[in-house]
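Understanding the architecture of this molecule
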Amino acid sequence: MKTDFVVTNARVWEDDASEYPVKHIYVDGNTGTIKRVEFAQNSEKPEEGKGLTIVDAAGGLVTPTYAEPHLHLDAVLLGREYANKSGTLVEGIANWANAKKEVTVDSLLLRASKALEWMVACGTTRIRTHADTGCPIGVEALLSLKKTVAQQQLATIQIVGFPQDGILTSQLNRKHFDWACTLGLDAIGAIPHYERTHEEATESLRIAFDAAEKYGCMVDVHCDETDDPHSRHIETVCQLTEDRGMGGKVVAGHCTAMHSYNGPAADKVLGAIKRSQVQVVTNPLDSIVLQGRFDDYPKRRGLTRVPELLQAGNKVGLGHDSIVDPWYPLGMGNLLDAAHMLVHACHLTGQDEMRRVFQMMVSDNHVPFGGAPKIREGESAEFLVHSLNDPLDIIRTRRVPSYVVRNGIIVAVNYHGKAAVLDQEIDIGNFGAL
């Protein structure tokens, strides 16, 4: 229901800040925009009534909503039926190959809608999902879901045409890919390390970039998702991006081979990424599970070089990737789980580093969507009201927001359960007044 409301006593997020001023945020429910933002100390206390609802943030942080830059909605919630016993990427792909033979429009929409609800409840209102072009029913179903969700004003969905089995690996795969590119996708994908040869890998990338230019799409490549240090298709991605002037429109997902590059090779690749403005998206939940499976000891963590990418000034995306699917058996759509894993696996435990990881969710992840929502007058009201006031505590507890606001509508509310120890009520994880 559309109604005017004001979020009071909110600590409003600002990029690169360590302190957040307390403000009141007035929302016009009819237009879905922010009417005004006032410093609490300089304004009268809002009163409920006359069509105005008050949402008391009680000093909690208010941030832009989370964005999810890398997900596979077509495969969500299939992980129990098609379990990955070896934990490898190869078995995950094989299991999905079996699963997609049985996929129906209704079954996919049921699973994807359920996962989408979880994600919105956890604070994510912008989602980029890959749709396997080798599963035509799945591509059409996700395009249908995109329209439905837009009508519900629940979330924004982008669809990437993703050739899971490669583009040039068979004539049928190429046919399915070319067909999907005509359907009005948001981005065109590729998987060069899964092609049969290095030459075909390079050609597959040219085909993807050609299609993106022809149909006015962005590019989103599954790139070098392997422990092989010789897999350096990211260089071709950067070269094509530079040569075609597509900086800011190209994403390279995973890039896990970079974890195993030697120093000079990594330095060269990091320079190319910075120069070309390709955005790298890391998926720590899947990568920490799927990579290093061929290692004895020590076992590689398999995540791309996130600290170095951030230090170079790049905007790095952070994805959930899988939710109980044939690759990854866990997850509930809470992007904070991915952030929590990233902090540990990449040794980003400094306070400034953890704040930077949080910034990835509310800022960097929005790059494919044209930039993060702004919490200021005249902008669309798309933000989260947290019960905690520090990004470090939000990552530490992985606590979902109290309110999720999109287009001026409160689309989700979370009631944080309290616990009692010896009959004394406590709020688990909240420092409170120490």
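Let me begin by describing the structure that accompanies this report. (Residues numbered from 1 in each chain as written. Predicted model: local features only at pLDDT ≥ 70, side-chain atom pairs only at ≥ 80, totals over all residues. Heavy atoms only, no water.)

Bringing the overall build of the protein into the picture now. Looking only at helices and strands, one finds 12 helices and 18 strands in the protein. Relative to its length of 434 residues, the protein is compact, with a C-alpha radius of gyration of 22 Å against a globular reference of 22 Å. Overall size of the protein, expressed as C-alpha extent along the three principal axes, is 65 × 50 × 45 Å. Classification of the 434 residues of the protein by burial places 57% in the buried group. Per element, the accessible surface of the protein, about 18,700 Å² overall, is 49% carbon and sulfur. Positive and negative charge centroids in the protein, built from 43 and 56 side chains respectively, lie 2 Å apart. (Helix = DSSP H or I, 4+ residues; strand = E, 2+ residues; numbered from the N terminus. Rg over C-alpha atoms; globule rule 2.2 N^0.38 Å. Buried < 20%, exposed > 50% of the residue type's maximum accessible area, 1.4 Å probe, protein only. Areas by Shrake-Rupley, 256 points an atom, 1.4 Å probe, with all protein chains shown as cover. Lys, Arg positive; Asp, Glu negative; His and termini not counted. Charge placed at Lys NZ, Arg CZ, Asp CG, Glu CD.)

This paragraph deals with the sheet that holds strand E8 (residues 156–162). The strand order across the open sheet built from eight strands is E6-E7-E8-E9-E10-E11-E12-E13, with neighbouring strands paired in parallel fashion. Each of the sheet's edge strands pairs with one partner strand only, and the pair in question is strand E6 (66–71) and strand E13 (317–318). The sheet contact formed by strand E10 (residues 218–223) and strand E11 (residues 250–254) spans five bridges and is parallel. Considered in E11, the bridge of aspartate 220 is made with valine 251. (Pairing = 2+ DSSP bridges.)

Attention shifts here to the state of the cysteines. Evaluated as defined, the whole model comprises zero disulfides. With no disulfide of its own, cysteine 223 lies closest to cysteine 255 among cysteine sulfurs, the gap being 4.6 Å. The class of cysteine 223 is buried, set by a relative accessible area of 0%. (Disulfide = S-S within 2.5 Å.)

The subject of this paragraph is the environment of methionine 119. As for its placement among the helices and strands, methionine 119 is situated in helix H2 (residues 105–121). On the basis of relative accessible area, methionine 119 is assigned to the buried category, the value being 0%. Residues methionine 119 and glycine 247, 128 residues apart in the sequence, show an inter-C-alpha distance of 29 Å. Once you skip the residues sitting within four places of it in the chain, methionine 119 turns out to touch Glu68, Leu71, Thr124, Ile127, Ile323 and Gly333. (Contact = heavy atoms within 4.5 Å.)

This part covers the nonpolar core. If you look at the biggest cluster of nonpolar residues, it comprises 106 residues, and the most contacted ones within it are Tyr66, Ile188, Ile234, Val237, Leu342, Val357 and Phe358. Looking at this core element by element, the count peaks at seven residues for helix H10 (residues 335–345). One finds Phe5, Val12, Ile34 and Ala57 within the second-largest nonpolar core, a separate group that totals 15 residues. (Core = buried A, V, L, I, M, F, W, Y, C linked by side-chain atoms within 4.5 Å.)

This next bit is on the packing of aromatic side chains. For the coordinates displayed, the defined rule picks out four aromatic pairs. Centroid distance tyrosine 66 to phenylalanine 358: 6.2 Å. Interplanar angle 85 degrees. Geometry classified as edge-to-face. On the criterion of sequence distance, the pair formed by tyrosine 66 in strand E6 and phenylalanine 358 in helix H11 (residues 351–362) is long-range, its members being 292 residues apart. With respect to burial, tyrosine 66 and phenylalanine 358 carry one shared label: buried. (Phe/Tyr/Trp six-rings, centres within 6.5 Å; stacked < 30°, edge-to-face > 60°.)

It is worth spelling out the pattern of salt bridges at this point. Under the definition given, this model contains 23 salt bridges. Among the ionic pairs, aspartate 4 bridges to lysine 35, the shortest N-O distance being 3.7 Å. Of this pair, aspartate 4 sits in strand E1 (residues 4–12) while lysine 35 sits in strand E3 (residues 33–39), and the two are 31 residues apart along the sequence. For aspartate 390, the salt bridge goes to arginine 355, with nearest N and O atoms at 3.7 Å. With a gap of 35 residues between them, aspartate 390 in the loop between strand E14 (383–385) and helix H12 (391–397) and arginine 355 in helix H11 connect regions that are remote in the sequence. Residue class for arginine 355 comes out buried when judged on its relative accessible area of 14%. One salt-bridge network, in which partners are shared between bridges, spans Lys100, Asp132 and Asp165. (Salt bridge = Lys/Arg side-chain N within 4 Å of Asp/Glu carboxyl O.)

This part is about the pairing of strand E12 (residues 279–282). Along E12, one buried face is formed by Gln279 and Val281 and the opposite face, lined by Val280 and Thr282, is buried too. As paired strands, E11 and E12 are joined by three bridges and run parallel to one another. What sits directly across from glycine 253, in E12, is valine 281. Between the parallel pair E11 and E12, the chain is carried across by helix H7 (residues 263–276), and the sense of this crossover is right-handed. Where E12 and E13 come together, two bridges link them in parallel fashion. In the sheet register, valine 281 faces E13, and the bridge partner there is glycine 317. (Right-handed = clockwise from strand over helix to strand, strands pointing away.)

Turning next to the pairing of E10. Of all six residues in E10, six are buried, a share of seventy percent or more. Here E10 shows a buried face lined by Met218, Asp220 and His222 and a second buried face lined by Val219, Val221 and Cys223. Here strand E9 (residues 187–190) pairs with E10 via four bridges, running parallel. Looking at the pairing, alanine 187 lines up with methionine 218 of E10. Following the backbone out of E9, through helix H5 (residues 198–215) and into the adjacent parallel E10, one traces a crossover that is right-handed.

Before going further, it helps to examine helix H3 (residues 136–152). Along its 17 residues, H3 runs 25 Å from first to last C-alpha, staying within 8% of the 24 Å computed at 1.5 Å per residue. Here the buried face of H3 lies against H2, strand E7 (124–132), E8 and helix H4 (171–180). Count one or two residues on from H3 and you reach glutamine 153, which has phi positive near 60 degrees. (Expected span 1.5 Å × (residues − 1).)

A contiguous nonpolar surface patch, about 430 Å² in accessible area, is contributed by Val421, Leu422, Ile426 and Ile428. Here leucine 422 lies in the loop between strand E17 (419–421) and strand E18 (424–426). A relative accessible area of 84% places leucine 422 in the exposed class. (Patch = residues over 30% accessible without salt bridge, like charges linked within 9 Å, V, L, I, M, F, W, Y side chains within 5 Å.)

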